[in-house]
Amino acid sequence: MGKKIYIIMVTALFAAFVIVFNTFPRSTVSEVEKRELAKFPEFSFQNLRSGAFTKELSAWFSDSEPFRDHFINLSMNIKDWMRMNFSKENAITFHAPDAAPIDTEAPDINASELQNDSIPAKTKDTVENRKVEEYRNKLTAEENAKIAHAGIIIIGSGNNTRALMAYAGDSTGGVRFAEAANLYKRKLGKKVNVYLMVIPTSIEFYCPDAAKSRTKSQRATINNIFAHLSDSVKAVDVYTTLGRHASEDIYLRTDHHWSPLGAYYAAKKFAQVADVPFKDTTSYIRKVVKRYVGSMYGYSKDISVKKAPEDFIYWEPDSTVSYTTTYINYTIDENYKVTGESGPVKGNYFYHYKDGSGSAYCTFMGGDTKLTKVQTSTKNHRRLIIIKDSFGNALPGYLFFSFEEIHVIDYRYFSFNMVQYVKENKITDILFANNIFSAYSNSITRRYSKFLTQDHATFYPPKPKPQPKQEEQTETAPSNN
């Protein structure tokens, strides 16, 4: 009898899955993973013969199952329950390939290379570093640390949960990033100041001792990049600046980006190096998006990140500075390749999101797929280009008091010739502002070099060439009869 009941239950469960997966509407977007799911492939006999159609069909079927996010959430909840009930105190669970141990001693940087921004060889006795160590020790002592999906370390618990992305670069990397900045300075000459900012990620300041073997030193890579800069390119050392404020909320806990507060301190440091005015937060209006859960929930597949929402706090300039924002919007395909661009259109620099929105980091310019130009009421004949990845989105809003014009260029989508663009817009300053992963990437820095020589791609359909007028025929066309 018991065996029959078991068979009936298994059969009913199997039948339920068959009905759900074959008759219910397929999912098209995953909010958890923050991506569009696979689409049903287009049929052609050529794709069928090559096997591509069946392969894409299988991928679509497995990727777009009904209630996909519900199943993912259920799986994460089960894993979280098992971890809480079966893991030992201070246990670390690894779900990613091992990374080599970090460099224990990062080389110091020559003070002259940092343009009066020297790094002391020994900093452990400073007040700032004691704060950082106290914060690390508190997390290590009180909470478990675990390595989650895709090389992500989850530390803390409850509302203090923080997701960290492991770094695998070494101390010899990032040279081409420095070389790209050097090339810009040589090509653009004395009239254009070139600056380079490498933005560390949160793991550099908050990684518990028990998980340090799973990430490497970002300081070592940044030192190497700065060491390869020419004397005419100015380094902007935000590593030291951020370290002094590591006990504050300078990084988002649930997102891979820094927080707007971290970007504020970095913008202030850049303004000092560039010798331009800078206003503190008393000249800004504080805004808050509550219950924000960022990208690390989808990346880590860890429910504890979702259960620890945070406030996304940013600042808008007050009425003492006015500005207008103009965009060229890019159209991209599924491979993030630019396929079209709009003409210049005016819009808002700051986009406002409701409490609970997972898109709050798009507050600045609404995202990346655009070329942005901000004209401000600041009149000092300083015009800035920021060449950036998504970390750089949070910087420009703090510099409206500092430059009369700011152009924001994402490395993925710029379609103009850089030399011509600088000349036409009378640019005086260029800031490379990239996170450590972008700075380490040779493919990204190759794009920067390409900008200097590429032609402007307009993406508009070419106008049809006028056809030459046919001469009038003097002979009668032969008849078909």
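Throughout what follows, the structure given in this document is the object of discussion. This is a predicted model, so every value here is computed, not measured. (Residues numbered from 1 in each chain as written. Predicted model: local features only at pLDDT ≥ 70, side-chain atom pairs only at ≥ 80, totals over all residues. Heavy atoms only, no water.)

**Re the overall build of the protein chain**
The secondary structure content of the protein chain amounts to 15 helices and 16 strands. For the protein chain, buried positions account for 48% of its 481 residues. Contacts spanning at least 24 positions in sequence make up 74% of the contacts within the protein chain whose residues lie at least 6 apart. Accessible surface, the protein chain as shown: approximately 25,900 Å² in total, 53% of it carbon and sulfur. (Helix = DSSP H or I, 4+ residues; strand = E, 2+ residues; numbered from the N terminus. Buried < 20%, exposed > 50% of the residue type's maximum accessible area, 1.4 Å probe, protein only. Contact = heavy atoms within 4.5 Å. Areas by Shrake-Rupley, 256 points an atom, 1.4 Å probe, with all protein chains shown as cover.)

**Structural notes on the pattern of salt bridges**
Following the criterion strictly, the structure yields 8 salt bridges and no others. One salt bridge connects Arg382 with Asp429, and the closest N-O pair in it is separated by 2.9 Å. With Arg382 in the loop between strand S13 (370-376) and strand S14 (383-388) and Asp429 in strand S16 (residues 429-435), this pair connects stretches of sequence that are 47 residues apart. Of the two residues, Arg382 and Asp429, both sit in the buried class. The salt bridge involving Glu404 is made with Arg383; its shortest N-O contact spans 2.8 Å. Taken together, the positions of Glu404 in the loop between S14 and strand S15 (405-410) and Arg383 in strand S14 put the pair 21 residues apart, joining distant regions of the chain. Given the relative accessible area of 17%, Arg383 is considered buried. (Salt bridge = Lys/Arg side-chain N within 4 Å of Asp/Glu carboxyl O.)

**Digging into unusual backbone geometry**
For Asp275, which is not a glycine, the phi torsion comes out positive at approximately 60 degrees. Summarising the element assignment, Asp275 is placed in the loop between helix H10 (260-274) and strand S8 (284-292). Owing to a relative accessible area of 66%, Asp275 belongs among the exposed residues under this scheme. Unlike most non-glycine residues, Lys426 shows phi in positive territory, near 55 degrees. One can find Lys426 in the loop between helix H13 (418-424) and S16. When its relative accessible area of 57% is taken as the criterion, Lys426 is described as exposed.

**A look at helix H8 (residues 218-227)**
Note that an α-helix has 3.6 residues per turn; residues three or four places apart therefore point the same way. Burial analysis of H8 places 9 of its 10 residues in the buried class, the great majority of the element. For H8, the complete set of buried residues consists of Gln218, Arg219, Ala220, Thr221, Ile222, Asn223, Asn224, Ile225 and Phe226. Tucked into the core, H8 has its buried residues touching helix H6 (175-188), strand S6 (193-199), helix H7 (203-206), strand S7 (233-236), helix H9 (238-244) and helix H14 (436-440). Capping the start of H8, Ser217 holds a side-chain oxygen 3.4 Å from the backbone nitrogen of Arg219, two or three residues further along. (Polar contact = N/O pair within 3.5 Å; in protein donor to acceptor, adjacent residues only side chain to side chain.)

**Points about the nonpolar core**
By size, the foremost hydrophobic cluster in this structure holds 101 residues, and its most contacted members are Tyr184, Met197, Trp258, Phe270, Met418, Ile430 and Tyr448. Beyond its immediate stretch of four places on either side in the chain, Trp258 contacts Ile199, Leu242, Ile250, Tyr251, Leu252, Ala263, Ala266, Tyr361, Phe391, Ala394 and Leu395. In terms of nonpolar packing, the next biggest core, distinct from the first, is built from 8 residues, Ala163, Val293, Met296 and Tyr297 among them. (Core = buried A, V, L, I, M, F, W, Y, C linked by side-chain atoms within 4.5 Å.)

**Re the pairing of strand S5 (residues 162-165)**
Bridging between strand S4 (residues 152-155) and S5 involves 4 bridges; their strand directions are antiparallel. Residue pairing across strands places Ile155 opposite Arg162, the latter belonging to S5. Hairpin connection between S4 and S5: a loop of 6 residues separates the two successive antiparallel strands, and Gly156 in this loop has a positive phi of roughly 80 degrees. (Pairing = 2+ DSSP bridges.)

**Some remarks on the pairing of strand S9 (residues 310-317)**
Counted residue by residue, S9 has 6 buried out of 8 residues, so it is predominantly covered. Strand direction decides the pairing type here: S8 and S9, joined by 7 bridges, are antiparallel. Within the sheet, the bridge partner assigned to Val289 lies in S9 and is Phe312.

**A word on empty space enclosed by the protein**
In the structure shown here, the tally under the stated rule is 1 cavity of 30 Å³ or more. Here the largest cavity is characterised by a volume of approximately 40 Å³. Along the walls of the largest cavity sit Ala163, Leu164, Met165, Thr201, Ser202, Ile203, Asp255, His256 and Met296, which together make up its complete lining. In terms of residue count, S5 provides more of the lining of the largest cavity than any other element does, 3 residues in total. (1 Å grid on protein atoms, 1.4 Å probe; cavity = no way out; pocket = protein on both sides within 12 Å on 5 of 7 lines; lining within 4 Å. Points joined across faces, edges and corners; volume = space filled by probe spheres on them.)

**Digging into the packing of aromatic side chains**
As enumerated under the stated definition, the model contains 34 aromatic pairs in all. An angle of 40 degrees between the planes, with centres 6.2 Å apart, marks the rings of Trp258 and Phe391 as tilted. With Trp258 in the loop between H9 and H10 and Phe391 in the loop between S14 and S15, the pair connects residues that are 133 residues apart, well separated along the chain. Classification of Trp258 by relative accessible area gives buried; the value is 0%. (Phe/Tyr/Trp six-rings, centres within 6.5 Å; stacked < 30°, edge-to-face > 60°.)

**A word on the side chain of Asn182**
Mapping Asn182 onto the fold places it in helix H6. Every residue in contact with Asn182, bar those within four places of it in the chain, is listed here: His228, Leu229, Ser230 and Val233.

**Thoughts on the environment of Lys307**
When you line up the elements, Lys307 lands in the loop between helix H12 (303-306) and S9. In this structure the C-alpha to C-alpha distance between Lys307 and Ser157, which are 150 residues apart in sequence, comes to 9.3 Å.

**A few points about the environment of Asn160**
Within the secondary structure layout, Asn160 lies in the loop between S4 and S5. With 144 residues separating them along the chain, Asn160 and Ser304 place their C-alpha atoms 9.9 Å apart.

**Quick word on the packing of H6 against helix H15 (residues 442-451)**
The interhelical angle for the contact between H6 and H15, taken along N-to-C directions, is 10 degrees, at an axis separation of 9 Å. One way to sum up the angle between H6 and H15 is to call them roughly parallel. The residues of H15 that touch H6, namely those facing Arg176, Phe177, Ala180, Leu183 and Tyr184, are Asn442, Thr445, Arg446, Tyr448, Ser449 and Phe451. Residues of the contact of H6 with H15, tallied by class, amount to 6 nonpolar, 3 polar and 2 charged. (Axes fitted to C-alpha atoms, helices over the stretch in contact; angles between N-to-C directions. Parallel < 35°, antiparallel > 145°, perpendicular 65-115°, else oblique. Nonpolar A, V, L, I, M, F, W, Y, C, P; charged D, E, K, R; others polar.)

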